[in-house]
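# Examining the three-dimensional arrangement
Spelled out from the first residue to the last, the chains are:
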Amino acid sequence: MAHSIEQFKATLDEHHEWPCDYTFKFIVPSKSLDELKSMIDGFPYTEKDSKTGKYTSVTVIIHANSSDVILNIYEKAATIEGLISL
């Protein structure tokens, strides 16, 4: 697992010139939306409910100073049950 995180960090650093804007896309169970919103508080985001209302897709744009910031957000998001990172 740690190896794949290191690979992802290397890929981020290879494809981005820090600082820059980075777009996250998440699909979260609607019941857990507030948990995600508290995590991204202060950053611009858009949300769209699924047809059934069970899920919400959220797009967040964050101005990040390094790949470490991106990895930290993904790690926090991964603690939300049922969340999918795209």
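Preceding block: the structure.
Model, not experiment: these values are computed from the prediction. (Residues numbered from 1 in each chain as written. Predicted model: local features only at pLDDT ≥ 70, side-chain atom pairs only at ≥ 80, totals over all residues. Heavy atoms only, no water.)

## Comments concerning the nonpolar core
The biggest cluster of nonpolar side chains holds 19 residues, and the ones touching the most others in it are F24, F26 and L36. Elements supplying a minimum of two residues to this core: β1 (20-29), α2 (33-39), β3 (55-64) and α3 (67-77). Element by element, the count of residues in this core is highest for α3, at 5 residues. Residues contacting F26, with those up to four places away along its chain left out, are L36, T56, S57, V58, V60, I73, Y74, A77, L83, I84 and S85. (Core = buried A, V, L, I, M, F, W, Y, C linked by side-chain atoms within 4.5 Å. Buried < 20%, exposed > 50% of the residue type's maximum accessible area, 1.4 Å probe, protein only. Helix = DSSP H or I, 4+ residues; strand = E, 2+ residues; numbered from the N terminus. Contact = heavy atoms within 4.5 Å.)

## Quick word on the packing of aromatic side chains
Aromatic rings in a pair are described by how distant their centres are and how their planes are angled relative to each other. For the structure on display, the rule yields 6 aromatic pairs. Among the aromatic residues, those joined into a cluster by ring pairs are F8, Y22, F24, F26 and Y74. (Phe/Tyr/Trp six-rings, centres within 6.5 Å; stacked < 30°, edge-to-face > 60°.)

## Brief notes about α3
Listing the buried residues of α3 in full gives S67, I70, L71, I73, Y74 and A77. Projection of α3 onto a plane perpendicular to its axis shows the buried side chains occupying an angular sector of 160°, all on one side. (Arc of directions from axis to C-beta.)

## Quick notes on the pattern of salt bridges
Using the criterion set out here, one finds 3 salt bridges in the structure. Note that D13 is salt-bridged to K9, the shortest N-O span being 3.7 Å. Taken together, the residues span about one helical turn, with D13 and K9 both in helix α1 (residues 2-15) at a distance of 4 residues. What makes D13 partly exposed here is its relative accessible area of 35%. Classification of K9 by relative accessible area gives partly exposed; the value is 27%. (Salt bridge = Lys/Arg side-chain N within 4 Å of Asp/Glu carboxyl O.)

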